[in-house]
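Read off the chains here:
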Amino acid sequence: MSLFTAVVVFVVGLLSGIVIRWVAGLAAALALVLVLLGATTPDIGLINFVMEQYYHGNELLFFAGLLFGLDAEHTRDAVEG
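Residues numbered from 1 in each chain as written. Predicted model: local features only at pLDDT ≥ 70, side-chain atom pairs only at ≥ 80, totals over all residues. Heavy atoms only, no water.

Novice: I would appreciate a short explanation of the overall build of the protein chain in the present structure.
Specialist: The helix and strand tally for the protein chain stands at four helices and zero strands. N-terminal to C-terminal, the α/β element order of the protein chain is α-α-α-α. A buried classification covers 15% of the 81 residues belonging to the protein chain. Put simply, 89% of the contacts in the protein chain that link residues at least 6 apart link residues at least 24 apart. Accessible surface, the protein chain: about 6,300 Å² in total, of which carbon and sulfur atoms supply 73%. (Helix = DSSP H or I, 4+ residues; strand = E, 2+ residues; numbered from the N terminus. Buried < 20%, exposed > 50% of the residue type's maximum accessible area, 1.4 Å probe, protein only. Contact = heavy atoms within 4.5 Å. Areas by Shrake-Rupley, 256 points an atom, 1.4 Å probe, with all protein chains shown as cover.)

Here is the structure:
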């Protein structure tokens, strides 16, 4: 994996963490509805391409960015405080 790919995957995880922090309740409700409707795996070409090319095998890097994004506000308060 190149440095550029690693940075992109980490940044995507970071941004995902920030977005999830903002809309976690809505995302959970929507996910539950999709599971109940059986539409959890839509066939969208761009999403499938990104998943196959960049996400698979980089899950830990993605989740590292996700966790940093989720904890960004708390970390900022701890560092400034």
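Novice: How do you make sense of the layout of surface pockets when you look at a structure like this?
Specialist: Over the atoms rolls a probe the size of a water molecule, and its path tells where empty space is left. Each pocket or cavity is described by its volume, and for the largest pocket that value is around 230 Å³. Lining the largest pocket are V8, V9, V12, S16, V50, M51, Y54, Y55, F62 and F63. Along the lines of polarity and charge, the residues of the lining of the largest pocket split into nine nonpolar, one polar and no charged. Split by domain, the lining of the largest pocket shows at least three residues from each of two domains, domain 1 (1-41) and domain 2 (43-80). (1 Å grid on protein atoms, 1.4 Å probe; cavity = no way out; pocket = protein on both sides within 12 Å on 5 of 7 lines; lining within 4 Å. Points joined across faces, edges and corners; volume = space filled by probe spheres on them. Nonpolar A, V, L, I, M, F, W, Y, C, P; charged D, E, K, R; others polar. Domains from an automatic or database assignment.)

Novice: So what exactly am I meant to see when it comes to a nonpolar patch on the surface here?
Specialist: A grouping of L3, V7, V11 and L15 is seen on the molecular surface, where their side chains present a nonpolar patch of about 370 Å² in accessible area. Inspection of the secondary structure puts L3 in helix 1 (residues 3-37). What makes L3 exposed here is its relative accessible area of 69%. (Patch = residues over 30% accessible without salt bridge, like charges linked within 9 Å, V, L, I, M, F, W, Y side chains within 5 Å. Salt bridge = Lys/Arg side-chain N within 4 Å of Asp/Glu carboxyl O.)

Novice: Is there a simple way to explain the environment of F10 in this structure?
Specialist: Among the structural elements, F10 can be located in helix 1. Taking the C-alpha atoms as reference points, F10 and L60, separated by 50 residues in sequence, lie 9.3 Å from one another. Setting aside residues no more than four positions away along its own chain, F10 makes contact with L61, A64, G65 and F68.

Novice: What is the right way to look at helix 3 (residues 59-70) in this model?
Specialist: Residues that lie three or four places apart on an α-helix share one face, since the helix turns once every 3.6 residues. The first and last C-alpha atoms of helix 3 sit 16 Å apart over twelve residues, in line with the 16 Å expected at 1.5 Å per residue. All buried positions along helix 3 are accounted for by F62, G65, L66 and G69. For helix 3, the angular spread of buried residues about the axis comes to 105 degrees, placing them on one side. Facing away from the buried side of helix 3 by over 90 degrees, the exposed positions are L60, L67 and F68. (Expected span 1.5 Å × (residues − 1). Arc of directions from axis to C-beta.)

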